[in-house]
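So you can see what is in the structure, the chains are spelled out below.
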Amino acid sequence: MGGVASRRLGPAAKRPETGRPYRPSPLIWASVGLHGAALAAALMKPSSLRQTLPLLIADHLALSAAGSWTGGDLLGPNLVRLPAHAHCADELCLTFDDGPDPRSTPEVLDLLDQRSDRATFFCVGRRVARYPDLAKEIVQRGHRIENHTYHHRNTFAFRLWNGLTEEVDRAQEVIAEIVGRRPQYFRPPAGMRNPILEAVLARHDLLLVNWTRRGFDAVVRDPAFVVNRLVGSASAGSILLLHDGALGGGAPPAVDRILPRLLEVLERRGLRSMPIPDGLTPADATSGRSRRVGVDSASSR
Ligand SMILES: [Zn+2]
């Protein structure tokens, strides 16, 4: 692990939570404008709804599609690749979702230690509360813990203000209390969002982080397939998605078979994993996005 990444994971950890101004995206402004115009027209001439209703339905379909596009930023900032200034020529970011999980997280930590790789763990709040010692160990061994909601509900992207704030706020609180460091980054379940989420994240100055590439390790048990998907066109600055936890009663992903092979390929390509650096902003999400090229863009699902 180079010194650059170590310096970035510094004492900014306990920064006060001040939030940032909420800036609706152009698509959200357009949607608000359309609804306002449709309402005004309906008040003046109720029969106008016949013309405006199809437009409103199309607008909601567009918003749903934008929220399901895990690599997209039509509903707000979305970091899918590090900006150039935030990493060295040999650094990318491994990220692990859905833990901590005593069945697999300790092994992930040991494997990462073998090459002194460091990673980001998008943890589920209720699991941090259930396995506090394991959560503390993740941080003590040089990795980051970030916010992946409190319950990891499949319906997260369909929730309104109260449902979203409860999931985000509770995870934020429990992680800060147990590991002594407030998350700066947020990843929604399955990477899906809705038009309200950005306003909720802005209250905590949380930046949404999805990924450059994912290997479908939670559903595909063939290590060769997963590793090929992950590293096909991965390069310095890429954010790769893996899972160290399994939710519900299922078995955890086969990290013991996938991670050694993945680390071996990264070694051959001269790449190391660093945690997502401190303090990246919505502007960094935009500049990281502009660096995405070719196959990388097509495979961000
Ligand atoms: Zn997840």
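Student: Teacher, can you tell me more about the overall build of the protein chain here?
Tutor: Counting its regular elements, the protein chain contains twelve helices and eight strands. Here the C-alpha radius of gyration of the protein chain, 20 Å, is about what a compact globule of 301 residues would show, namely 19 Å. With the C-alpha coordinates aligned to their principal axes, the bounding extent of the protein chain is approximately 70 × 40 × 40 Å. Counting only residues that meet the buried cut, the protein chain has 44% of its 301 residues in that class. Considering only contacts in the protein chain between residues 6 or more positions apart, those separated by 24 or more positions represent 80%.

Student: I tried to follow helix 4 (residues 105-114) on my own but got confused; where do I start?
Tutor: For helix 4, every residue scored as buried is listed here: Thr105, Val108, Leu109 and Leu112. Considered in projection along helix 4, the buried side chains sweep an arc of 100° and stay on one side of the axis. Residues of helix 4 that are exposed and angled more than 90 degrees away from the buried face: Asp110 and Gln114. Buried residues in helix 4 make contact with strand 1 (91-97), helix 6 (132-140) and helix 10 (255-268). Phi for Ser116, located one or two positions after helix 4, is positive at around 55°.

Student: I keep staring at the domain arrangement of the protein chain and nothing clicks. Help me out?
Tutor: Split into domains, the protein chain comes out as domain 1 (26-68) and domain 2 (79-298). Between the C-alpha centres of domain 1 and domain 2 there is a distance of 35 Å. Taken residue by residue, the interface counts four residues in domain 1 and five residues in domain 2. The leading source of residues in the side of domain 1 that touches domain 2 is helix 3 (residues 49-68), at three residues. Residues belonging to the side of domain 1 that touches domain 2 are distributed by class as follows: two nonpolar, two polar and no charged.

About the thresholds
- Residues numbered from 1 in each chain as written.
- Predicted model: local features only at pLDDT ≥ 70, side-chain atom pairs only at ≥ 80, totals over all residues.
- Helix = DSSP H or I, 4+ residues; strand = E, 2+ residues; numbered from the N terminus.
- Rg over C-alpha atoms; globule rule 2.2 N^0.38 Å.
- Buried ≥ 20, exposed ≤ 12 C-beta atoms within 10 Å, placed from the backbone.
- Contact = placed C-beta atoms within 7 Å.
- Arc of directions from axis to C-beta.
- Domains from an automatic or database assignment.
- Nonpolar A, V, L, I, M, F, W, Y, C, P; charged D, E, K, R; others polar.

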